[in-house]
Every structure is written in structure tokens, then in C-alpha cells.
Amino acid sequence: MGAEGAGEAAAEEQEPQEAAGSGGWERRIAGGLAFLRRRVTGDYEVDEFGYDEELTDQVLMSVLRPLADKYFRVEVKGVENIPSEGGALIVANHSGTLPLDGLMLQVAVHDHHPANRHLRLLAADLVFMLPVVNELARKAGHTLACADDAQRLLEGGEVVGVMPEGFKGIGKPFGERYKLQRFGRGGFVSTALCAGVPIVPCSIVGAEEIYPMIGNSKTLARVLGIPYFPITPTFPWLGPLGAVPLPTKWTIQFGEPIPTDGYPPEAAEDPMLMFNLTDQVREQIQHTLYKLLVQRRSVFF
Amino acid sequence: MGKVVLVTGAARQLGGRFVRRVQRDSGVDRVIAVDAVPPGHDLGDAEFVLADIRQPAIARVLAEHSVDTVVHLDVSGKALGAGGRTAVKENNVIGTMQLLGACQKSPTVQRLVIKSSTSVYGSAPRDPAVFTETTPPKSLPSGGFAKDAVEVEGYVRGFARRRPDVAVCVLRFANILGPDPDSPLADYLALPVLPTVFGYDPRLQFVHEDDVIDVIGIASHEPRRGTLNSGTFNIAGDGVLLLSQCSRRLGRPTVPLLLPAVTWVGSALRTIGMTDFSPEQIRLLTHGRVVSTVQMRETLGFHPRFSTAETFAAYADSRGPGLLPPERVGRAVDRLAGPASRAGHIQLTSPGRGAHRRWRTPRSFRSTTTARGRGARSVPHGAGRGRAAAGPRDPRRPVGRL
């Protein structure tokens, strides 16, 4: 079999160049049609969270990848800090008015990790109220940020991503960029402790400047039922064109994992320990953010 | 002395099947089948008692036959004959109250099994993705069958408190489907064109009718060794199907409508009596609902024979093809795939030809590729292996060659 394979490889080597190129093309067409056939006949599987791995890998990731690789030119560091198997909780800072940082983080983890791990993001409940958005979010493997879902995913050995700053982080004004907000109530720490998975702090630089939010129309936000209504130098003045993010240069750095398996089972109920661990994670992310900002040459390059 | 089992709702398909089934079980002496209308199906050797569980007469039936196991299946979302939502609600809630009152007075009753529904959890965007038996619902069902089920469970909890000597088992079933189901969701899936809520793709779980009968059987007997059959259990098949998958597997096209329009269409269909498309049903079809079945497996010791997908396949088979049968859609894609795979074929099997000849396919190839059915995937074996072997080389290939 091996020798045969080598023979085939040699045969292919002799192929003229156009055949090699078009062979790839046709295989892609054939693969695409097989994919299409499975989709239109409903012959695919989703997990209990509604995560559609095939759709995510084949379609959603392909849509996001150019944005990550070409537009924001995301540089990923320390991806080896994410374990190759078993659960882990990635805790990242949140910014950028629209949660593009979460999506880029998902692409970064999948494309740069040697085990191609799938990141399961925890999202705000607003995501699951909006039509279309909720459907895509579920299919991309996101679920509601609540302890039940997080624990279920972690115990299932998934890599879970959480941005504990929530709307306070993503909707903060431009002047407060890279200043971490309060980390919720530290629920993510107790979830990680319960599941006994390491916490991987993650710092994302570049997302703050994609939509510099210079104002926030509270009235409009109230009318629309959203947590904030951003006003940037281009939005809403230029209409849909103003919603195009600035092409900043991003860096995503994963830090040293913080182990949580050395604690006794009742530790998850200890508020002091929770606050201490939350602060430790927060400090580490903030510190890394400052370090990356010092190293950064320019916002756009 | 063997057991005397009383089954309510015997005139329904499910009740009738359970009555026929339970009388064959060892240790069961007699089966008393109760309903307010005579059943249209055979009940075997069971004794049918025409009684309305909403009336106190049910207490006399319990006493007369010294019933020790009560299986209450007459909690349903749909009226059996004529009669609207009011009659259904009265039957569910008042019927359960009367039956529980009768059980409380009866000294012989030792076991009570209640058919409930996972709709007690409601469906809301703020709910966790998977409900366990202890998850408190974020928004209680506001009406319809789901509210009945919540109330029924409330009365059952009260009964369990007052009669701690009676083993009470509440079975929360996911959507029951089978060859002959009678549930609002089955009615919905039988529509030629499925109206869906635009921008939402709910996760659904199904449980097969055969599994329903089996699990009620487990709950109505003494627990097997190492298991416990009193308490509340979610019952659902493994896995999850999205509504979009369901419609594609059924071959029924969907019409996405905006949420207000769906509510309107639902109430219109309800008015003309085509389907019981209640608001809670619409919420299910908007946000979906998935329950955890860990308790069912580990505590109750029940392992369903049908997964959600298998249950659905059985249902789809019993319904016949829809407007767009998946086989035909698949064939259409294959026809589309035909030229592509043929081109791949000739190009891969005949190295040395120029790119301009790629699309010319000899007749013999055409027949082999179409015979393969799933033509899209059929890359010749040798070529596939060759590609696998060549894979690592790819990065080093000069750009000009690509």
C-alpha cells in the first residue's frame, strides 16, 4: 500500500502542470457538491447546542478567515498554551463595538492550534434574541453565557471562550481603550474550578480601534432595546459604509494557563478565592495588553 | 396476588398501545382501562370502564378494583374528538386533580405514573441550551398545553408530599413521534409547506412511540436492581435535529415568516381548525428545546431504542414523500455533480492531456460515473491515494505549477 502510494505520487509528479492544478479544482468542486448534497438532504449532524461542525468548517470559517488573515492580519502568539485535548477556558478581553474579536479568536484557535481545536464561545443573551444572528451563532458553536452551558461544554472536553467584561467591555468609549472593565462576578472562575480545567488568559490587541466609539446615543439604544448605540467618526454618518471596520493590525496572545485542579471541591463556593483568581486572570490579561501595546509599532501595521 | 393497573386515556393511540402491552407483563393480574369515550381500538383482555376522570366516580373505580398502580396518560395537548382547548384543559387539569384526589383516598394505590412533557421548561432565548430536571424555567409557559403540564406537575408534587408511601414517577416526554402520533408538532410536520420563523432554526428532540410505551412500562413496575423509578425524568431520544434538517429530511419546503406573521398564521390555522398551533408551540419552533437525559439513563435505567434522528426517520417513512423528497433533491445535485466528477475522472486517469480536453468525456466514463450514484465523491482510488501521498509535497511546489 505504501509502495503503491509512492508510485502514485511519482506518477502524479510527472503530470503536466495544468493537470495538477485543475485536478485540485475539480476535487474541490466535487467536494463542494458532495457537501451541497448532504446539506440539501439534511444528512448532517448537530450537537445538543446546535453546533454544526461541518457548516462551521466549510462555510462560516471560510467566510471569516480572509477577514482574520488578510484584513486584520491577526498575529497569534502562545497558542501552545491551549491544551491539545481536554477542556480549557479561554478568558479574553472584549472590545470593538461589534463582537468581531470573538469571531477572530475562534478562527485563530482553529487555524493556529496544532490540534485544530474548535472554540466554543459563550455569548450574551442578546445574541440569542436576534433573528439570523442566533441561528448562525448556534451553528458556529456559540451558546448562552451561563454556568450550566459552560460547565456542560467544559465537562465534555471542549475549549470554551468567554469574555467576562461583556457589554461593559465591548461598548466602552474609545478613550478607555485597553482598560479592562470589571470581570462580571467571576462566575467563569467557579465554572472552571467545578470542571477542573485550566484557565488560559488571552489578550487581544487591535480590536479596540476597529470602530472608535466616540459617542453613545443612549436614547436610540433604549428605543432599539440594545445596550448601547455606537457613534463613531463614520457611523452612522456614512450609513452602511460607516459600518466597515478599520483595517487595524491585530495580535492575539494566549498566556500561561492557570491550573484549577489543585483546589478542593468546595473551593468553587469560596468567594475570596474566586475574587483572587478573577483578579489574577484580569491582571495577567491587562499586563500582557500593556506589553503588546508597547511592542506595537502602529495601529495599522 | 398480582398487580391491578389502571390506565387513563385508554381511548387514545398511546393509551391503547400501553394497555395492550402491560397486560402481557408478568405479575400484572388485571388492567383497567379508563376513558370518557369508548376506544376505537382493541384493548385485549383489559377491562374497559367508561368513566370521566373529571368526575368523582373515578374514586369508585379505584376502590372497586383495588387498583395498586395508576398510569395517568390522559394528559394531552389535543382533544380526542370534538372539543376545543377548554375541554382539553379541563381534562388535563381537573381530571388530574380528581384522579389524584381519588388516589389519595385509596389505601391500595402504591404507584403513580404521570405522562408530562418537556414543554414545562418553556422555550426562551435566555434559557440554557440543555435543560436538566432541576433547571428552573426562565419564563413559565403562559398558556396552552405547556401550562396544563406545569399545573398537573404541581398537583402531582402536592400529592407526593401528602402520600409519601406512594411511588410517584413523572415522565417528561420530548415530542412524541411514531407511525401514528397525535401531537400538535406531528400535525405541524404534516403540513405540505412548513411555515417557520425567519432567522431561527430551533433544536428539536423526538422520542419514539415504542420507547414511550417501554419507559411507561419500566415506571409502572417495581424498579429493577440498581435503578430508581420514582421521581421526575426527561425522556428523549439521543441527539438533536434542527427544524431545517427535519424539513429537508421530510422533503417539505419551508416558508420563513417574520415572527409576528407566524403568530398570525398560527392563529388563523387554529381558527379554521387545521392545527393546534398554540403560542407555546410557536415558541418551541422559534427557540427550540433540548433536555438532558442523563437521569433517564443512569437513575431510571432506560436506554431508548430510537435516537431522535431514527425516530424522525420512522415518522418520515410513515408519512410518505413531501413536495421535495430528499432522494430527488439528492439526485438533482448528483446530476449537477456528474460533469464535474466526469471531468475529474478523465483528467486524473489520463495524465498527459492538456487542460483544453478536460471536459470531453468518452461515453464509457459517463456510464460509470452515473452508475456510482454519489458521483460527486467518487474520485478514483488510485488518484485519492496519490493525492494523499502527494499532500506533504504541496507547499514546496513552485507557484508556477499551480
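No experiment lies behind these values; they were computed from the predicted model shown.

Draft legend 1. Region of the structure containing the overall build of chain B. Along its length, chain B carries 14 helices and 13 strands. A separation of at least 24 residues holds for 78% of the contacts in chain B among residues at least 6 apart in sequence. In the structure as shown, chain B presents an accessible area of about 17600 Å², 55% of it carried by carbon and sulfur atoms.

Draft legend 2. Focus on the domain arrangement of chain A. All names here are of chain A. Entries for chain A in the domain assignment read domain 1 (18-47) and domain 2 (53-210 + 245-295). On a C-alpha basis, the centres of domain 1 and domain 2 stand 32 Å from each other. Counting from both sides, the interface comprises 5 residues of domain 1 and, opposite them, 5 residues of domain 2. Summing both sides of the interface, domain 1 and domain 2 together bury roughly 460 Å²; the carbon and sulfur share of this comes to 41%. Looking at the side of domain 1 facing domain 2, the largest losses of area belong to Phe35, Arg39 and Asp47, adding up to 75% of the total buried there. The interface formed by domain 1 and domain 2 holds 3 salt bridges in total. The closest approach of N and O atoms between Glu54 and Arg39, which form a salt bridge, is 3.5 Å. Summed over the shared surface of domain 1 and domain 2, the result is 3 residue pairs in polar contact (both at pLDDT 80 or more). Residues of the side of domain 1 that touches domain 2, tallied by class, amount to 2 nonpolar, no polar and 3 charged.

Draft legend 3. Spotlight on the packing of aromatic side chains. Residues and elements named next belong to chain A. Within this structure, the stated rule accounts for 8 aromatic pairs over all chains. Between Phe167 and Tyr228, the aromatic rings sit 6.4 Å apart at their centres with planes inclined by 65 degrees, giving edge-to-face as the arrangement. In this pair, Phe167 is assigned in helix α8 (residues 167-170) and Tyr228 in the loop between α10 (218-224) and β8 (230-231), connecting sequence segments 61 residues apart. The positively charged end of Arg28 is found above the aromatic ring belonging to Trp25, 5.4 Å away from the centroid. The ring of Tyr44 is capped by Arg39, whose NZ or CZ atom sits 3.6 Å from the centre of that ring.

Draft legend 4. Highlighting helix α11 (residues 271-295) of chain A. Residue and element names in this part refer to chain A. In a regular helix each residue adds 1.5 Å, so 25 residues correspond to 36 Å; α11 covers 36 Å between its end C-alpha atoms and thus fits that length. For α11, the secondary structure elements touched by its buried residues are β1 (75-77), β2 (88-92), α9 (187-195), β6 (199-205) and β9 (251-254). Among the residues of α11, the N-terminal cap falls to Asp270, whose side-chain oxygen and the backbone nitrogen of Met272 are separated by 3.1 Å.

Draft legend 5. Geometry of the pairing of strand β3 (residues 119-123) of chain A. Residue and element names in this part refer to chain A. Here β3 lies mainly inside the structure; 5 of its 5 residues are buried. Side chains of β3 alternate between two faces, with Leu119, Leu121 and Ala123 and Arg120 and Leu122 buried alike. Sheet topology note: the β3/strand β5 (residues 159-162) ladder contains 3 bridges and is parallel. Following the sheet pairing, Leu121 is matched in β5 by Gly161. Here β3 pairs with strand β4 (residues 143-144) via 2 bridges, running parallel. For Leu122, the partnering residue across the bridge sits in β4 and is Thr143.

Draft legend 6. Molecular detail of the packing of helix α8 (residues 259-271) of chain B against helix α9 (residues 279-287) of chain B. All names here are of chain B. Where α8 contacts α9, the two axes come as close as 10 Å, and the packing angle between them is 140 degrees. With respect to their mutual orientation, α8 and α9 come out oblique. The chirality of how α8 crosses α9 is right-handed. Where α8 approaches α9, its residues Leu259, Val262, Thr263 and Arg270 are matched on the opposing element by Pro279, Ile282 and Thr286. Its residues placed into classes, the contact of α8 with α9 shows 4 nonpolar, 2 polar and 1 charged.

Draft legend 7. Just the nonpolar core, in detail. Residue and element names in this part refer to chain B. Counting 38 residues, the largest nonpolar core has Leu171, Phe173, Ile216 and Ile235 as its most contacted members. Within the residue set of this core, elements represented by two or more residues are β1 (3-8), α1 (13-22), β2 (28-35), β6 (167-173), α6 (209-220) and β11 (231-235). Residue contributions to this core peak at 6 residues, all from α6. Not counting chain neighbours up to four residues away, the residues in contact with Leu171 comprise Val113, Ile114, Lys115, Ser116, Ser117, Val215, Ile216, Ala219, Phe233, Ile235 and Leu300.

Draft legend 8. Focus on the sheet that holds β1(B). Residue and element names in this part refer to chain B. One open sheet accounts for 7 strands, arranged β3-β2-β1-β4-β5-β6-β11; its pairing is parallel. Where the open sheet ends on each side, the last strands, each with one partner, are β3 (47-50) and β11. The average undirected angle you get between the axes of adjacent strands in this sheet is 20 degrees. In this sheet, β11 lies alongside β6 in parallel orientation, the contact comprising 5 bridges. Its bridge partner lying in β11, Arg172 is registered against Asn234.

What counts, and at which threshold
Sequence positions are assigned chain by chain, starting from 1 and proceeding in written order. As a convention, the first chain written is A and the first ligand written is 1, with the rest following in written order. Note on the predicted model: pLDDT of at least 70 is required for a residue's local features to be given, and 80 or more for side-chain atom pairs to be given and counted; whole-chain, interface and lining totals, by contrast, use all residues. Only hydrogens and water are set aside; all other atoms, that is, all heavy atoms of the structure, feed into the side-chain values. Secondary structure is summarised from DSSP: a helix means a run of H or I of at least four residues, a strand means a run of E of at least two, and numbering begins at the N terminus for each. Residue contacts follow a heavy-atom distance rule, with two residues in contact if any of their heavy atoms lie within 4.5 Å. Note that accessible areas follow from Shrake-Rupley with a 1.4 Å probe, and for residues the cover is restricted to the protein chains shown. Where each domain starts and ends comes from a domain assignment, either automatic or drawn from a database. Here the buried area means the combined drop in accessible surface, using a 1.4 Å probe, for two parts upon being joined, counting both sides. Throughout this description, the term salt bridge denotes a Lys or Arg side-chain nitrogen within 4 Å of a carboxyl oxygen of Asp or Glu. Contacts described as polar in this section are N or O atom pairs within 3.5 Å, which, within protein, must combine one atom able to donate a hydrogen with one able to accept it, while residues neighboring in sequence count only if both atoms come from side chains. For this classification, the nonpolar set comprises Ala, Val, Leu, Ile, Met, Phe, Trp, Tyr, Cys and Pro, the charged set comprises Asp, Glu, Lys and Arg, and every other residue, Gly included, is treated as polar. Stacked, tilted and edge-to-face are the three classes applied to pairs of Phe, Tyr and Trp rings, where Trp contributes its six-membered ring and a pair requires centres within 6.5 Å; stacked means planes under 30 degrees apart, edge-to-face means over 60, and tilted covers the rest. Whether a charge lies above a ring is judged from NZ of Lys or CZ of Arg, which has to be within 6 Å of the ring centre and within 35 degrees of the ring normal. Here a helix's expected span is defined as the number of its residues, less one, multiplied by 1.5 Å. Three exposure classes are used, based on accessible area relative to the maximum for each residue type with a 1.4 Å probe and protein chains only: buried under 20%, partly exposed in between, and exposed over 50%. One requirement defines pairing of two strands: DSSP has to find at least two bridges between them. Here an axis means a line fitted to C-alpha atoms, over the contact stretch when the element is a helix, while the angle between two N-to-C directions is reported on a 0 to 180 degree scale. The labels follow the angle: roughly parallel below 35 degrees, roughly antiparallel above 145, roughly perpendicular from 65 to 115, and oblique for the rest. For a crossing to be left-handed, the near helix must be turned anticlockwise from the far one by less than a right angle; the clockwise case is right-handed. By nonpolar core is meant a set of buried Ala, Val, Leu, Ile, Met, Phe, Trp, Tyr and Cys residues that side-chain atoms within 4.5 Å join together.

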